[in-house]
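One-letter residues, chain by chain:
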Amino acid sequence: MPRAYKGKKTVKLKSNRGAAKRFRATGNGGFKCAGAKRRHQMTCKTTKMKRHARAGFQVREEDLGRIEQMLPHA
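Small disclaimer: the values here were computed from a predicted structure and weren't measured. (Residues numbered from 1 in each chain as written. Predicted model: local features only at pLDDT ≥ 70, side-chain atom pairs only at ≥ 80, totals over all residues. Heavy atoms only, no water.)

Novice: Which parts of the structure should I look at to understand the sheet that holds strand β3 (residues 57-58)?
Specialist: Hydrogen bonds between backbone groups are what pair the strands of a sheet, and the pairing can be parallel or antiparallel. As summarised here, the arrangement of the three strands in space is β1-β2-β3, forming an open sheet in which the pairing is antiparallel. If you trace the sheet from one side to the other, it starts and ends with β1 (23-25) and β3, each paired once. (Pairing = 2+ DSSP bridges. Helix = DSSP H or I, 4+ residues; strand = E, 2+ residues; numbered from the N terminus.)

Below, the structure written as structure tokens:
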């Protein structure tokens, strides 16, 4: 049976698993991420600070290229 690529294999595109856990694709081609400062020492943070950190954020434009490379199938 002849080989289609004559011995050359196509490279598999793999997602960066760390990035896949932190970013989600949006409908308009961007990415969203979670707010920071929500992991520990919540008792000393103000209610306002915790409330604002609850919301998700859009990834900034200067970071989009790197995230698209890490998540090729998103």
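Novice: Can you walk me through the environment of Thr 26 in this structure?
Specialist: Locating Thr 26 in the fold gives a position in the loop between β1 and β2 (31-33). Taking the C-alpha atoms as reference, Thr 26 lies 9.1 Å from Ala 74; in sequence the two are 48 residues apart. For Thr 26, the residues in contact, after removing those within four places along its chain, are Phe 31, Lys 32 and Gln 58. (Contact = heavy atoms within 4.5 Å.)

Novice: What is the right way to look at the layout of surface pockets in this model?
Specialist: Unfilled space is identified by rolling a water-sized probe across the atoms. Reported here for the largest pocket is a volume of approximately 160 Å³. Around the largest pocket, the lining residues are Lys 21, Arg 22, Phe 23, Cys 33, Ala 34, Gly 35, Ala 36, Lys 37, Arg 38 and Arg 39. Taken together, the residues that form the lining of the largest pocket break down as four nonpolar, one polar and five charged. (1 Å grid on protein atoms, 1.4 Å probe; cavity = no way out; pocket = protein on both sides within 12 Å on 5 of 7 lines; lining within 4 Å. Points joined across faces, edges and corners; volume = space filled by probe spheres on them. Nonpolar A, V, L, I, M, F, W, Y, C, P; charged D, E, K, R; others polar.)

Novice: I tried to follow the pattern of salt bridges on my own but got confused; where do I start?
Specialist: Side-chain pairing between opposite charges can occur once the charged atoms of the two side chains come close. Inspection of the entire model under this criterion finds two salt bridges. We note a salt bridge from Asp 63 to Arg 66, for which the minimum N-O separation is 2.4 Å. Of this pair, Asp 63 and Arg 66 both sit in helix α3 (residues 61-70), three residues apart, roughly one helical turn. The class for Arg 66 is exposed, based on a relative accessible area of 52%. (Salt bridge = Lys/Arg side-chain N within 4 Å of Asp/Glu carboxyl O. Buried < 20%, exposed > 50% of the residue type's maximum accessible area, 1.4 Å probe, protein only.)

Novice: Any chance you could explain unusual backbone geometry here in plain terms?
Specialist: It is generally the case that most residues other than glycine have a negative phi and that most peptide bonds are trans. For Lys 37, which is not a glycine, the phi torsion comes out positive at approximately 60°. With respect to the helices, strands and loops of the structure, Lys 37 is situated in the loop between β2 and α2 (47-53). The class for Lys 37 is exposed, based on a relative accessible area of 57%. Backbone geometry places Gln 41, a non-glycine residue, at a positive phi of 55°. Structurally, Gln 41 is set in the loop between β2 and α2.

Novice: Explain the confidence of the model for the protein to me, please; I cannot follow it from the model alone.
Specialist: The pLDDT averaged across the protein works out to 89; a share of 92% of its residues lies at or above 70. Within the protein, helix α1 (residues 17-22) carries the highest mean pLDDT (96), whereas α2 carries the lowest (91). (pLDDT = per-residue confidence, 0-100.)

Novice: I would appreciate a short explanation of the nonpolar core in the present structure.
Specialist: For soluble globular proteins, the rule of thumb is that nonpolar side chains tend to be buried together. Ala 19, Ala 20, Phe 23, Phe 31, Val 59, Leu 64, Ile 67 and Leu 71 form the largest nonpolar core, which has eight residues in total. If we ignore the near neighbours within four places in the chain, the residues touching Val 59 are Phe 23, Phe 31, Lys 32, Cys 33, Leu 64 and Ile 67. (Core = buried A, V, L, I, M, F, W, Y, C linked by side-chain atoms within 4.5 Å.)

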